[in-house]
Amino acid sequence: MIGTIFDIKEFTIHDGPGPRVTVFLKGCPLKCQWCHNPEGLKVEKQLMYKSNLCCHCDACRMLCTHEECQPFQRCLHACPNGCLSIVGEDVSSEELASRVQRYADMMTLMGGGATFSGGEPMLQAEFVCEVAEKLNDIHKAVQTSGYTDLETYQKVVAQMEFVLQDIKLADEEEHIRYTGVSNQKILRNIEWLKESGKEFVFRVPLIPGITDTKENLEAISKIVGEQRTELMPYNPLAGAKYAMVDMEYTLSDEGNREEDFTKYFQNAVLLA
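These remarks concern the structure in this document. All values derive from a computational prediction rather than experimental measurement.

Once that is clear, we can look at the environment of Ile-13. For Ile-13, the location among the structural elements is in the loop between strand S1 (2-12) and strand S2 (20-25). Taking the C-alpha atoms as reference points, Ile-13 and Gly-112, 99 residues apart in sequence, are found 8.9 Å from one another.

A few words now on the pairing of strand S6 (residues 113-118). For S6, a buried count of six out of six residues is recorded, marking the element as mostly surrounded by other parts of the structure. Pairing of S2 with S6, which is carried by six bridges, proceeds in the parallel orientation. Within the sheet, the bridge partner assigned to Phe-24 lies in S6 and is Ser-117. Summarising the sheet, S6 and strand S7 (residues 140-144) pair through three bridges and their orientation is parallel. Considered in S7, the bridge of Phe-116 is made with Val-142.

Moving on, we come to the packing of helix H3 (residues 125-133) against helix H4 (residues 150-158). It is at 9 Å that the axes of H3 and H4 come closest, and there the two elements cross at 15°. With respect to their mutual orientation, H3 and H4 come out roughly parallel. In the packing of H3 onto H4, the handedness of the crossing is left-handed. The residues of H4 that touch H3, namely those facing Ala-125, Glu-126, Val-128 and Cys-129, are Thr-152, Lys-155 and Val-156. Of the residues belonging to the contact of H3 with H4, the class tally is four nonpolar, one polar and two charged.

This paragraph deals with unusual backbone geometry. Omega for the peptide link from Gly-118 to Gly-119 comes to 15°, which places this bond in the cis form. With respect to the secondary-structure elements, Gly-119 resides in the loop between S6 and H3. One non-glycine residue, Gln-73, lies in the positive phi region at around 55°. Within the fold, Gln-73 resides in the loop between strand S3 (46-49) and strand S4 (84-87). Backbone geometry places Asp-246, a non-glycine residue, at a positive phi of 60°. In this structure, Asp-246 sits in the loop between strand S10 (229-233) and strand S11 (268-270). By relative accessible area, Asp-246 is classed as exposed at 73%.

About the thresholds
Residues numbered from 1 in each chain as written. Predicted model: local features only at pLDDT ≥ 70, side-chain atom pairs only at ≥ 80, totals over all residues. Heavy atoms only, no water. Helix = DSSP H or I, 4+ residues; strand = E, 2+ residues; numbered from the N terminus. Buried < 20%, exposed > 50% of the residue type's maximum accessible area, 1.4 Å probe, protein only. Pairing = 2+ DSSP bridges. Axes fitted to C-alpha atoms, helices over the stretch in contact; angles between N-to-C directions. Parallel < 35°, antiparallel > 145°, perpendicular 65-115°, else oblique. Left-handed = near helix turned anticlockwise from the far one by under 90°. Contact = heavy atoms within 4.5 Å. Nonpolar A, V, L, I, M, F, W, Y, C, P; charged D, E, K, R; others polar.

Right, dumping it as structure tokens:
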């Protein structure tokens, strides 16, 4: 089976227990206004243009016969400064499993594993499951918004030892406003996860004036109860990549307010 990824990061430390190899899958049904991986939102491959490196020589505008360049009408190989690249790689489940498997000894020794992130891994559920089945004894985790049907959610979670479950906004109208979709599927899947016996952690992004409000955090705290929860501060550099993939970032680059957000939760940690 073929899937589409846009990155593989080695030795990540916030994507599950121990040091991880994190695979980022392309495509997401949500359009969170604060998303810090805009290159992962669209399923199709995209042209990434780093304007700060461009010397305006127009070498990339010259006609070429490279097959990979034709969809973008730019030569990806002509730029002397490496301004252009393609975001998105089609890869077979066998090849991806083989890449991850290279780190098996290290991951086992250090108590780490492999994490499927995105984008949204549930959007490529069959592919994720096929890769996970090939990873044998490697500890596997999925980081997900939870936006999918219950059957798909259960099928992917069954292949994992650990789940990093996002929960952004408790109010449905606010969720639609800021992510583009209802949160009803997410909340239903969360209730199933809480009763599943699977090891998991909730993750709450703290977006100034949107998700970090007293009302939202108190509502989320009722949903998560005493479950372990990680609070993720807003990244003021989140918008830097949008222009590179011809997208617009609509949020202002404000930092989090100086407030103890952990007070809303019984079992929370604020990630640095």
